[in-house]
Amino acid sequence: MILQLADKSLDLSQPRIMGVLNCTPDSFSDGGRYQEFDSALRHAAQMIEEGADIIDVGGESTRPGSPEVSIDEELQRVVPVIEALHREFDVPLSVDTSKAEVMLAAAAAGAGMINDVAALRKPGALDAAALVHRQSGVAVCLMHMQGTPRTMQESPAYQNVVNEVLQFLLQRANVAETAGIAASSLVLDPGFGFGKTVKHNLSLLHHLGVYADYTYPILVGLSRKAMIKKILASDSSERLIGSVTLALLAAQRGAHIVRVHDVKATADALTLLQALINNESDPV
Ligand code: 8Y7
């Protein structure tokens, strides 16, 4: 399976790594715009060096309880970074946004994928994504979320989380395709932690294989999520091991792209998984 991301392509016959590039001010010291820009570029360069296959550039914190960011602020955070990365590196770029204006500007700056945690439900987002898809073949990741980032963790509830998330994603894929986005350019994501309890997240991870019956690539984000701390009942020192373990479990269950903060450690885990798989296809 090959995913086209505007002018770049990604072979998904083995699991790929999406490196998280946060362009939110709270992830840096308050050194002003240039320092934030510079620090973002260096962080991206390091993740590429460590084996990231895509860089996900985000300017809006979507963590539970986060305040919303204005369009202008988000544009100022992500567009210069995407432009610079597109100029300097060959790696595909995605933009983590739900806003139509940011989708348009990011695509013009060189982003090859839109990663929308709201699955194109915000005003104008569907049309903006369809437009940049038609113009330059931009791919779209549709993620499931119950509720909104501000309130989603208050009381997540499902009859059958696996089925409901799947039905939502297939329905959003259908809406996207009707708007003119090719099925082959869509990626689906169950949205771990977005309106889900630990139990919901574990059910989704356990049953990730249900997506294998569909032709869409699957992206998962489990890196540094609250479920790790809740299950391990320990503090941040266990986050790395927890994140890498969950990325590996997801890859083993068929995830095509894992969205992670710790690229090097994840790349090592996936290399070991690949060695295991390759060994079986080698004649003895
Ligand atoms: C995810 C994501 C976040 C995820 C996709 C965090 C932007 C919260 N999580 N995008 N974004 N999937 N596609 O903890 O799971 O990284 S933000």
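Just so it is clear, the model here is predicted, and its values are computed rather than measured. Residue numbering note: each chain is counted from 1, following its sequence as written. Confidence filtering applies because this is a predicted model: local features only for residues at pLDDT of at least 70, side-chain atom pairs given and counted only at 80 or more, and all residues used for totals across whole chains, interfaces and linings. Values shown for side chains rest on all heavy atoms present in the structure; no hydrogens or waters enter the calculation.

### Points about unusual backbone geometry
Positive phi values are uncommon outside glycine, yet A119 reaches one of about 55°. The numbering of helices and of strands both runs from the N terminus, where a helix is a DSSP run of H or I of at least 4 residues and a strand a run of E of at least 2. With respect to the element layout, A119 can be found in the loop between β6 (113-116) and α4 (125-136). You can call A119 buried: its relative accessible area is 0%. Positive phi outside glycine occurs at L120, with the angle close to 65°. With respect to the helices and strands, L120 occurs in the loop between β6 and α4. The buried label goes to any residue with under 20% of its type's maximum accessible area, the exposed label to any with over 50%, and the partly exposed label to all in between, with areas taken from a 1.4 Å probe on protein chains only. On the basis of relative accessible area, L120 is assigned to the buried category, the value being 4%.

### Re the site of the ligand
In the region of the ligand, 13 residues are neighbours, and D96, N115, D189, K225 and R259 sit closest. The term polar contact refers here to a pair of N or O atoms within 3.5 Å; inside protein, the definition further demands a hydrogen-donor-capable atom paired with an acceptor-capable atom, and it admits residues adjacent in sequence only when both atoms are side-chain atoms. Note that an oxygen atom of the ligand is positioned 3.4 Å from one of the backbone N or O atoms of G221. K225 places a side-chain nitrogen or oxygen 2.6 Å from an oxygen atom of the ligand. Coverage of the ligand by the protein chains reaches 95% of its 400 Å² of free accessible surface. Mapped onto the shell around the ligand, the elements with two or more residues apiece are β7 (139-143) and β9 (219-221). In terms of residue class, the shell around the ligand is built from five nonpolar, three polar and five charged. Nearness here has a simple test: a residue counts as near a molecule or strand if at least one of its heavy atoms is within 4 Å of that partner. Here the accessible surface of atoms and residues is derived via Shrake-Rupley with a 1.4 Å probe, and residues count as covered only by protein chains that are part of the display. Only Asp, Glu, Lys and Arg are considered charged, only Ala, Val, Leu, Ile, Met, Phe, Trp, Tyr, Cys and Pro nonpolar, and every remaining residue, Gly among them, polar.

### A word on helix α9 (residues 263-281)
Between the first and last C-alpha of α9 there are 27 Å, a value that for 19 residues agrees with the 27 Å anticipated at 1.5 Å per step. Taken together, the buried positions of α9 are V263, T266, A267, A269, L270, L273 and Q274. Down the axis of α9, the smallest arc covering the buried residues is 165°, so these residues share one side. Turned more than 90 degrees off the buried face of α9, the exposed positions are T271, L272, L276 and N279. Whether two residues are in contact is decided by their heavy atoms, any of which lying within 4.5 Å being enough. On its buried face, α9 is in contact with β3 (16-22), α1 (32-50), α8 (239-252) and β10 (257-260). What a helix is expected to span follows from its residue count: subtract one and scale by 1.5 Å. Throughout, the arc means that of the directions going from the helix axis to the C-beta atoms.

### Some words on the layout of surface pockets
Roughly 270 Å³ of internal volume is contained in the second largest pocket. Think of a 1 Å grid over the protein atoms and nothing else: a 1.4 Å probe that fits but is trapped marks a cavity, an open set flanked by protein within 12 Å on at least five of seven lines marks a pocket, and residues with an atom within 4 Å of a point count as lining. Residue lining of the second largest pocket: 16 residues in total, with E68, K122, M145, T148 and P149 positioned closest to the centre. A class-by-class count of the residues in the lining of the second largest pocket yields five nonpolar, six polar and five charged. Grid points are joined across faces, edges and corners, and a volume is the space filled by probe spheres set on the points.

### Overview of a nonpolar patch on the surface
Like charges within 9 Å and nonpolar side chains (Val, Leu, Ile, Met, Phe, Trp, Tyr) within 5 Å are joined into patches, using only residues over 30% in relative accessible area that form no salt bridge. One speaks of a salt bridge when a side-chain nitrogen belonging to Lys or Arg is within 4 Å of a carboxyl oxygen belonging to Asp or Glu. Residues L202, I231 and L232 make up a contiguous nonpolar surface patch of about 250 Å² in total accessible area. Here I231 is to be found in helix α7 (residues 226-232). Judged by its relative accessible area of 46%, I231 falls in the partly exposed class.

### Regarding the environment of M103
As for its placement among the helices and strands, M103 is situated in helix α3 (residues 100-109). M103 sits in the buried class, given a relative accessible area of 0%. Put simply, M103 and M113 are 10 residues apart on the chain and 9.1 Å apart in space, counted from C-alpha to C-alpha. The residues contacting M103, other than those within four sequence positions of it, are T97, S98, I114, D116, L120, A125, A128, A129 and V132.

### Details of the packing of aromatic side chains
By convention, a stacked pair of Phe, Tyr or Trp rings (six-membered ring in the case of Trp) has centres within 6.5 Å and planes under 30 degrees apart, an edge-to-face pair has planes over 60 apart, and any other such pair is tilted. One pass over the full model with this rule turns up one aromatic pair. On the basis of an interplanar angle of 45° and a centroid distance of 5.9 Å, the ring pair of Y34 and F37 is categorised as tilted. One end of the pair is Y34 and the other is F37, both in helix α1 and three residues apart, which spans about a single turn.

### Comments concerning helix α6 (residues 198-206)
Along α6, the residues that are buried comprise H200, N201, L204 and L205. Buried residues in α6, looked at end-on, bunch into an arc of 130°, giving them a common side. Exposed residues lying more than 90 degrees from the buried face of α6 are K199 and H206. Among the structural elements, α5 (161-178), α7 and α8 are those in contact with the buried residues of α6.

### Some words on the sheet that holds β3
We treat two strands as partners when DSSP finds at least two bridges between them. Read across the sheet, eight strands follow the order β8-β7-β6-β5-β4-β3-β10-β9 without closing on themselves; strand pairing throughout is parallel. Looking at the sheet topology across the chains shown, the edges are occupied by β8 (186-189) and β9. When the angles between neighbouring strand axes are averaged without regard to direction, this sheet yields 25°. Here four bridges tie β3 to β10, and the two strands are oriented parallel to one another. Pairing of G19 across the sheet is with V260, part of β10. Simply put, an axis is a line fit to the C-alpha atoms, just over the touching stretch for a helix, and the angle between two N-to-C directions goes from 0 to 180 degrees.

Scope: geometric values only; no functional claims are made or implied.
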